[in-house]
Amino acid sequence: MRKLQNLFTQNALWAEERVKEDKEFFTRLASQQTPEYLWIGCADSRVPANQVCNMQPGEFFTHRNIANIVHHTDINCLSVIQYAIEVLQVKHIIICGHYGCGGIKAAMENKESGLIDHWLRSLKDLYIANKEQIDDIPNYDDRVNFLCEENVRQQVTNVCHNSFVQNAWHDNKELTVHGWVYDINNGKLKDLDVCYSAANQVPDIYRIAP
Ligand code: CO
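Residues numbered from 1 in each chain as written. Predicted model: local features only at pLDDT ≥ 70, side-chain atom pairs only at ≥ 80, totals over all residues. Heavy atoms only, no water.

Student: Give a description of the sheet that holds strand S4 (residues 176-183) that names residues and reports values.
Tutor: Spatial ordering of the open sheet is given by S2-S1-S3-S4-S5, a layout of five strands whose pairing is mixed. Unpaired on one side and paired on the other, strand S2 (60-65) and strand S5 (188-191) mark the two borders of the sheet. Averaged over all adjacent pairs, the angle separating strand axes in this sheet is 25°, with direction ignored. Alignment of strand S3 (residues 92-98) against S4, held across seven bridges, turns out to be parallel. Note that in S4 the partner of Ile-95 across the bridge is Gly-179. (Pairing = 2+ DSSP bridges. Helix = DSSP H or I, 4+ residues; strand = E, 2+ residues; numbered from the N terminus. Axes fitted to C-alpha atoms, helices over the stretch in contact; angles between N-to-C directions.)

Take a look at the structure:
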């Protein structure tokens, strides 16, 4: 007997609906993908990139991990960024965190959770860098959410320090990196206004060319 039959039933219904709305839907998608956006978001099941922006399949190239982190040694994430820029020619990279992020909460605790502690370690550094401000916030949820926003800002700069992004700018390609936060309580996105679209916005030490 097939396992998870309900998912196959839902899939068949979904595929039928798409064709009913647009006969060429799958034919067109199968022939090529030309997304304008790379979404780097949290793996949290409540933040599905396409749905929260009301986008169709084919419109977002997506990378998700716990706490939407862009480590400069993560070949998974770096490969996604390179492919998105050089092959798909995306025009926008969106780092989208979310309030109440479990990864951020875990990083603020002193509990051993295993491998995830290593993945989240840089968030502790980020906490230390903002310790005074965070410790002044009386409410726990607000402290978590402050670090959620700081994390997005940090990951936006991490993306901009990347050679693939800077090479695109040197080649005069249109490419903007954005930092957003999604509110799981009301479904709304907040733009943190941390847009980068040129190498001269990056501090000297991180630039790959003068
Ligand atoms: Co999260």
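Back to the text.
Student: Kindly report on the packing of helix H4 (residues 75-87) against helix H9 (residues 163-170), identifying the contributing residues and their values.
Tutor: Closest axis-to-axis distance for the H4/H9 pair is 9 Å, and the angle between their directions is 20°. By the angle between their axes, H4 is roughly parallel relative to H9. Once H4 is placed against H9, the crossing between them reads as left-handed. Residues Leu-78, Ile-81, Gln-82, Ile-85 and Glu-86 of H4 touch H9, and the partners they reach there are Phe-164, Val-165 and Ala-168. A per-class count over the contact of H4 with H9 returns six nonpolar, one polar and one charged. (Parallel < 35°, antiparallel > 145°, perpendicular 65-115°, else oblique. Left-handed = near helix turned anticlockwise from the far one by under 90°. Contact = heavy atoms within 4.5 Å. Nonpolar A, V, L, I, M, F, W, Y, C, P; charged D, E, K, R; others polar.)

Student: Requested: an account of the coordination of the cobalt ion, with residues and values cited.
Tutor: Distances from the cobalt ion to its protein donors, Cys-42 (SG), His-98 (NE2) and Cys-101 (SG), fall within 2.1 to 2.3 Å. A relative accessible area of 1% means that Cys-101 is categorised as buried. (Donors = N, O, S within 2.8 Å, 3.2 Å for Na, K, Ca; no water. Buried < 20%, exposed > 50% of the residue type's maximum accessible area, 1.4 Å probe, protein only.)

Student: Could you give me a rundown of the domain arrangement of the chain, with the residues and numbers involved?
Tutor: According to the domain assignment, the chain consists of domain 1 (1-31) and domain 2 (34-206). In this structure, domain 1 and domain 2 have C-alpha centres spaced 31 Å apart. (Domains from an automatic or database assignment.)

Student: Explain helix H8 (residues 140-160) to me, and be specific about the residues and the numbers.
Tutor: Helical periodicity: at 3.6 residues per turn, an α-helix aligns residues three or four positions apart in one direction. Under the 1.5 Å per step criterion, the end-to-end length of H8 is 31 Å for 21 residues, consistent within 8% with the ideal 30 Å. For H8, the N-terminal cap is Asn-139; the gap from its side-chain oxygen to the backbone nitrogen of Asp-141 is 2.8 Å. (Expected span 1.5 Å × (residues − 1). Polar contact = N/O pair within 3.5 Å; in protein donor to acceptor, adjacent residues only side chain to side chain.)

Student: So what about the packing of aromatic side chains? Which residues, and what values?
Tutor: Overall, the coordinates contain six aromatic pairs when judged by the stated rule. Considering the side-chain rings of Trp-39 and Phe-60, the 5.5 Å spacing of their centres and the 25° angle between planes classify their relative orientation as stacked. One end of the pair, Trp-39, is in strand S1 (residues 37-42); the other, Phe-60, is in strand S2, with 21 residues separating them in the sequence. Across this residue pair, the class does not change: Trp-39 and Phe-60 are buried. Ring geometry for Phe-61 versus Tyr-83: centroids 5.7 Å apart, planes at 40°, classification tilted. Residue Phe-61 is found in strand S2, and its partner Tyr-83 is found in helix H4; the two are separated by 22 residues along the sequence. (Phe/Tyr/Trp six-rings, centres within 6.5 Å; stacked < 30°, edge-to-face > 60°.)

Student: Could you give an account of a nonpolar patch on the surface, with specific residues and numbers?
Tutor: A contiguous nonpolar surface patch, about 310 Å² in accessible area, is contributed by Leu-4, Leu-7 and Phe-8. Its place among the elements puts Phe-8 in helix H1 (residues 5-21). (Patch = residues over 30% accessible without salt bridge, like charges linked within 9 Å, V, L, I, M, F, W, Y side chains within 5 Å. Areas by Shrake-Rupley, 256 points an atom, 1.4 Å probe, with all protein chains shown as cover. Salt bridge = Lys/Arg side-chain N within 4 Å of Asp/Glu carboxyl O.)

Student: Outline the state of the cysteines, listing residues and values.
Tutor: If you walk through the whole model with that rule in mind, you get zero disulfides. Cys-195 carries a free sulfur, and the closest cysteine sulfur to it, the one in Cys-160, is 9.6 Å from it. (Disulfide = S-S within 2.5 Å.)

Student: Quick rundown of the side chain of Asn-130? Include the residues and the values.
Tutor: Structurally, Asn-130 is set in the loop between helix H6 (115-129) and helix H7 (131-135). Of the polar contacts made by the side chain of Asn-130, one reaches the backbone oxygen of Leu-126; its length is 2.8 Å. Each residue touching Asn-130, except ones within four places of it in the same chain, is listed here: Phe-146 and Glu-150.

Student: Explain the pairing of S5 to me, and be specific about the residues and the numbers.
Tutor: Bridge count between S4 and S5: four bridges; the pairing is antiparallel. Within S5, the residue paired with Val-181 across the bridge is Lys-190. Hairpin connection from S4 to S5: four residues lie between these consecutive antiparallel strands, with Gly-187 at a positive phi of about 75°.

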